[in-house]
Amino acid sequence: MTDSPRGTAAETTTLLLCGARLTDGRTVDVRLSGPRIEAVGTVGSLAAPGPAGRHGTGTRIDLRGYLLLPAPAEPHAHLDLALTAAADGPPAGDIADVQRRATEAALLQLGHGATAVRSHVRVGDVHGLRALEAVLQARRALRGLVDVHAVAVPRLLTGAAGADGLDVLRDALKMGASAVGGCPDLDPDPSGHAEAVIALAAEFGVPVDLHTAAGDPARLARLAAMAGGLRPGVTLGPCHGLGTLRPDAAMCAAERLAAAGISVVALPQGGCGGLETVRRGSAGLHTPVRLLRRAGVPVAAGSGALADLANPVGRGDPLEAAFLLASYGECDPLRAYGLISTQARAVLGLPEVRVEAGFPAELLAVRGDTVEGVLALAYSRIVIHHGRVVSRTSAVREYCDTSTDPALDLPRQSHRDA
Ligand SMILES: [Zn+2]
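Since the structure is predicted, the reported quantities are computational estimates derived from the model, not experimental observations. (Residues numbered from 1 in each chain as written. Predicted model: local features only at pLDDT ≥ 70, side-chain atom pairs only at ≥ 80, totals over all residues. Heavy atoms only, no water.)

**Quick word on the pattern of salt bridges**
Considering all chains together, one arrives at 16 salt bridges under this definition. In this structure, the salt-bridge partner of Asp 24 is Arg 26, at a minimum N-O distance of 2.9 Å. We classify Arg 26 as partly exposed; its relative accessible area is 44%. In this structure, the salt-bridge partner of Asp 97 is Arg 101, at a minimum N-O distance of 3.1 Å. Here the residue Asp 97 and the residue Arg 101 both occupy positions in helix α1 (residues 95–112), the gap between them amounting to four residues, near one helical turn. Each member of the pair, Asp 97 as well as Arg 101, carries the same accessibility label: buried. Residues participating in the shared-partner salt-bridge network are Asp 97, Arg 100, Arg 101 and Glu 104. (Salt bridge = Lys/Arg side-chain N within 4 Å of Asp/Glu carboxyl O. Buried < 20%, exposed > 50% of the residue type's maximum accessible area, 1.4 Å probe, protein only. Helix = DSSP H or I, 4+ residues; strand = E, 2+ residues; numbered from the N terminus.)

Printed below as a string of structure tokens:
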């Protein structure tokens, strides 16, 4: 289903993507050079990459029938919990087991199109730093295919157990976690928990990404007051509790988040990796994305659970998150795609991608003509990371006429969606 050509030489790879459709309706050729888009022009206007030479090798890819988009990023995964739903018993949970599942889950998400994945990883408590070590090993193994970012998520940061929690969190950041997470709703002192996370993030100069339902306006106001001005930024998710507030109270809370520069990651698939605040009991609640955006909050969308106990059928497909947002009427399809791509990359602190010269060559080609079309049906996909094809999924559908009655006149042609 996926392939993974990883060059080993440090040579510059040139790719010419031919005949791709863009969301503005143009059909273009796109030349990639190394990790960047070098040129975008009308079909046939760009010189084909030459044969292998001193400056590198070139390849031509026919993208007629494909829509070319900025690649999605996954802003909220749980790679340490992924793919545990089908297990007979509890997962082994040792480093090898977590690394194997984390690698497989990240590759699944890459196959869907996400060239960067931010994963929350539990630290402290019974987990120690084992799960983080495993996810960081998976990150190293996947380098060149997909960028994995780890958020260290402690359980308790206040009271008697809090000191231990803070020590583990410090160790996690020194090991290579790239953001501080937390679950203030699960701590006996939610504001103390958030305060500890924010202070540590400020000390290390890393972003904050907290789990919260955001259903308590007073608590949210305290958090916004603490987080305001913190760089490189604070993200909250999934904030489905905002949907339980009266519209005026929800708007007031959203305006506080916007004023503090806090981003929100919605998880329209509902479940989220085993954290009690967002188990499936709350899956019917939707983050009020339209209201948040109206208030000026930067909103991204992610997948959350990938076949773990929070959502045994979670697919980790960003296009599904966009599909759901468009289906719920929270966004039009093009905006919904922006939430899983441009906005998700912004949450991860990654540079913007546009299909224009000079931008990073992080791209997803999906069989189809329009964003509406590819959100409705996205079987065949080609994923480009760092200027190279890193995954290709091709679907073939055939309609078979089993009837012996010619009067039925069923369509006999096969539909090749590849
Ligand atoms: Zn989560």
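Resuming the write-up.
**Some thoughts on the sheet that holds strand β12 (residues 263–266)**
On the basis of which strands lie adjacent, the open sheet formed by eight strands has the order β6-β7-β8-β9-β10-β11-β12-β13 and parallel pairing. Each edge of the open sheet is held by one strand with a lone partner, namely β6 (74–77) and β13 (299–301). If you compare each strand with its neighbour and ignore which way they point, the axes differ by 25 degrees on average. Inspection of the sheet shows strand β9 (residues 179–182) paired to strand β10 (residues 208–212) by three bridges, in the parallel sense. Paired with Gly 182 across the bridge in β10 is Leu 210. (Pairing = 2+ DSSP bridges. Axes fitted to C-alpha atoms, helices over the stretch in contact; angles between N-to-C directions.)

**Digging into the packing of α1 against helix α2 (residues 130–141)**
For the pair α1 and α2, interaxial distance at closest approach is 8 Å and the crossing angle is 45 degrees. By the angle between their axes, α1 is oblique relative to α2. Crossing angle aside, the handedness with which α1 passes α2 is right-handed. Between α1 and α2, the contacting residues are Ile 95, Val 98, Gln 99, Ala 102 and Thr 103 on the first element and Arg 130, Ala 131, Glu 133, Ala 134, Val 135, Gln 137 and Ala 138 on the second. Along the lines of polarity and charge, the residues of the contact of α1 with α2 split into seven nonpolar, three polar and two charged. (Parallel < 35°, antiparallel > 145°, perpendicular 65-115°, else oblique. Left-handed = near helix turned anticlockwise from the far one by under 90°. Contact = heavy atoms within 4.5 Å. Nonpolar A, V, L, I, M, F, W, Y, C, P; charged D, E, K, R; others polar.)

**Topic: the nonpolar core**
Among the nonpolar cores identified, the biggest contains 87 residues, and Leu 236 and Ile 262 are the most heavily contacted of them. No fewer than three residues from each of domain 1 (2–70 + 353–398) and domain 2 (74–347) sit in this core. With 21 residues, the next largest nonpolar core counts Val 28, Leu 63, Leu 363 and Ile 382 among its residues. (Core = buried A, V, L, I, M, F, W, Y, C linked by side-chain atoms within 4.5 Å. Domains from an automatic or database assignment.)

**Digging into the pairing of β12**
In β12, alternate side chains face the same way, and those of Ser 263 and Val 265 on one face and Val 264 and Ala 266 on the other are all buried. One crossover worth recording links strand β11 (residues 234–238) to the parallel β12 by way of helix α6 (residues 247–259), and it is right-handed. Direction of pairing for β12 relative to β13: parallel, over a ladder of three bridges. Within β13, the residue paired with Val 264 across the bridge is Val 299. (Right-handed = clockwise from strand over helix to strand, strands pointing away.)

**A few points about the confidence of the model for the protein**
Residue-level pLDDT values for the protein average 89, and 89% of them are 70 or greater. Predicted confidence is poor over residues 1–9, with pLDDT under 50, and the contacts of this stretch with residues over four places away or in other chains come to 20 contacts. (pLDDT = per-residue confidence, 0-100.)

**Brief notes about the pairing of strand β16 (residues 388–393)**
The pairing of strand β15 (residues 381–385) with β16 spans five bridges and is antiparallel. Counterpart to Ile 382 in the pairing with β16 is Arg 392. The antiparallel hairpin formed by β15 and β16 contains two residues in its connecting segment, where His 386 sits at a positive phi of about 55 degrees.

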